[in-house]
Amino acid sequence: MQLVRDLNADNNVDGILVQLPLPAQVDAKRILEAVDPAKDVDGFHPVNLGKLVSNRRDSWHARRPAAWKFCAATRFPWKARTPVVLGRSDIVGKPMALLLMHANATVTICHSKTRDLPEVVRRADIVVAAMGKAGYVQPDWIRPGAAVIDVGTNKVTDPGEAVRLLRNFPERLEKFRAKGNVLLGDVHPDALQIAGALTPVPGGVGPMTITMLMSNTVKAARYGVFQRAVAGH
């Protein structure tokens, strides 16, 4: 907490990113809420989440997950879209649903306890998977031609699970056997044969997340310079 206070007060620091998860004995919410909202490049502070809820487009602080960048790049006519967001976390699920809703899409938010989940997902023309379970979304859940944005990054170490998920990807399976682990998304890799577009794991949402954090840090720096100029510092 003292380190966060020191960074908040340091004009040489423009952005603060709290690497999650924190150790179990540390109250992550207390730490996140202590960060100066103007230096919150992750957009996790309640003030910045509130700006996202109220669709404050004048604020860069409002969290826009990397998955949103992929959606925005498609230039879909959003009012005709029926996306499904799998996951309800403050980090991805809720912000994604809000951004899609603000874009006039008709959004459905699901989770592992949603009734008839496969059938709900099949109605979606855009699927955002952010549940943190390797290969959870099965290929037959995907509507043919749907755009699938896989946010999951799951380290698989069990040989049986790796064979089940990578049976049709011998090169990746061979790499697993050599390394002993593999990174897989929340969507079963076989969905590649059905989806109209599918972000890769690794190499998809992850690098875009880093890019957006760097972009937010630059924006925070510009904001800090402006604020100090106004204050006469």
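So, here's what we can say about the structure. As the structure is a prediction and not an experimental result, all values here were calculated from the model. (Residues numbered from 1 in each chain as written. Predicted model: local features only at pLDDT ≥ 70, side-chain atom pairs only at ≥ 80, totals over all residues. Heavy atoms only, no water.)

## So, the packing of helix α7 (residues 159–166) against helix α8 (residues 170–179)
Argument step 1. Two elements in contact, α7 and α8, have axes separated by 9 Å at closest approach and are oriented at 165°. Judged by the angle between their axes, α7 and α8 are roughly antiparallel. Crossing handedness for the pair α7 and α8: right-handed. Contacts between α7 and α8 pair Pro-159, Ala-162, Val-163 and Leu-166 from the former with Pro-170, Arg-172, Leu-173, Phe-176 and Arg-177 from the latter. (Axes fitted to C-alpha atoms, helices over the stretch in contact; angles between N-to-C directions. Helix = DSSP H or I, 4+ residues; strand = E, 2+ residues; numbered from the N terminus. Parallel < 35°, antiparallel > 145°, perpendicular 65-115°, else oblique. Left-handed = near helix turned anticlockwise from the far one by under 90°. Contact = heavy atoms within 4.5 Å.)

## Re the nonpolar core
Note that soluble globular proteins tend to have their nonpolar side chains buried in a common cluster.
Argument step 1. Core analysis: the largest hydrophobic core is formed by 22 residues, its most contacted members being Trp-68, Cys-71, Met-96, Leu-100, Val-128, Ile-149 and Val-151.
Argument step 2. Tallying contributions element by element places helix α5 (residues 93–102) first for this core, with 5 residues. (Core = buried A, V, L, I, M, F, W, Y, C linked by side-chain atoms within 4.5 Å. Buried < 20%, exposed > 50% of the residue type's maximum accessible area, 1.4 Å probe, protein only.)

## A word on the environment of Leu-192
Argument step 1. Note on placement: Leu-192 falls in the loop between β6 (182–184) and β7 (197–198).
Argument step 2. Between the C-alpha atom of Leu-192 and that of Ala-231, which follows or precedes it by 39 residues, the distance is 54 Å.
Argument step 3. Those residues in contact with Leu-192 that lie beyond four places of it in its chain are Phe-169 and Leu-198.

## Considerations on the environment of Gly-15
Argument step 1. In this structure, Gly-15 sits in the loop between α1 (2–9) and α2 (28–34).
Argument step 2. Classification of Gly-15 as partly exposed rests on a relative accessible area of 28%.
Argument step 3. Expressed as a C-alpha distance, the spacing of Gly-15 and Thr-217, which sit 202 residues apart in the sequence, is 5.4 Å.
Argument step 4. Once residues within four sequence positions are removed from consideration, Gly-15 is found in contact with Lys-39 and Val-41.

## A word on the pattern of salt bridges
Argument step 1. Overall, the coordinates contain 3 salt bridges when judged by the stated rule.
Argument step 2. Residue Asp-125 pairs with Arg-81 through a salt bridge whose shortest N-O separation is 3.6 Å. Of this pair, Asp-125 sits in the loop between α6 (117–122) and β3 (126–129) while Arg-81 sits in the loop between α4 (66–74) and β1 (83–86), and the two are 44 residues apart along the sequence.
Argument step 3. For Arg-81, a relative accessible area of 22% translates into the label partly exposed.
Argument step 4. A salt bridge links Arg-122 to Glu-119; the nearest nitrogen and oxygen atoms lie 3.1 Å apart. One end of the pair, Arg-122, and the other, Glu-119, are both in helix α6, 3 residues apart, so they sit about a helical turn from each other. (Salt bridge = Lys/Arg side-chain N within 4 Å of Asp/Glu carboxyl O.)

## A short note on the sheet that holds strand β4 (residues 147–150)
Backbone hydrogen bonds are what pair the strands of a sheet, in a parallel or an antiparallel way.
Argument step 1. Reading across the sheet, the 5 strands line up as β2-β1-β3-β4-β7 and stay open at both edges, with parallel pairing between neighbours. This sheet does not close on itself; its edge strands, each paired only once, are β2 (108–110) and β7.
Argument step 2. Pairing geometry for β3 and β4, over 4 bridges, is parallel. Within the sheet, the bridge partner assigned to Ala-129 lies in β4 and is Asp-150.
Argument step 3. Contacting β1, β2 and β3, α5 crosses the sheet at an angle of about 165° to β1. (Pairing = 2+ DSSP bridges.)

## As for the packing of aromatic side chains
Argument step 1. Enumeration according to the criterion identifies 1 aromatic pair in this entry.
Argument step 2. Taking 5.7 Å as the distance between ring centres and 90° as the angle between the ring planes, the aromatic pair formed by Tyr-136 and Trp-141 counts as edge-to-face.
Argument step 3. Classification of Trp-141 by relative accessible area gives buried; the value is 10%. (Phe/Tyr/Trp six-rings, centres within 6.5 Å; stacked < 30°, edge-to-face > 60°.)

## Observations concerning the pairing of β1
Argument step 1. Across the two faces of β1 the burial is the same, with Pro-83 and Val-85 and Val-84 and Leu-86 all buried.
Argument step 2. Two strands pair when backbone bridges link them, and β1 and β3 are joined in this way by 4 bridges, in the parallel orientation. Within β3, the position partnered with Pro-83 by the bridge is Ile-126.
Argument step 3. Pairing between β1 and β2: 3 bridges, direction parallel. By the bridge assignment for β2, Val-85 is matched with Ile-109.
Argument step 4. Between the parallel pair β1 and β2, the chain is carried across by α5, and the sense of this crossover is right-handed. (Right-handed = clockwise from strand over helix to strand, strands pointing away.)

## Examining unusual backbone geometry
Argument step 1. The linkage connecting Leu-20 with the following residue, Pro-21, adopts the cis geometry, with an omega of 0°.
Argument step 2. Looking at the element boundaries, Pro-21 is found in the loop between α1 and α2.
Argument step 3. Val-201 connects to Pro-202 through a cis peptide bond whose omega is -5°.
Argument step 4. With a phi angle near 55°, Asp-116 is a residue other than glycine that sits in the positive phi range.
Argument step 5. Secondary-structure assignment places Asp-116 in the loop between β2 and α6.

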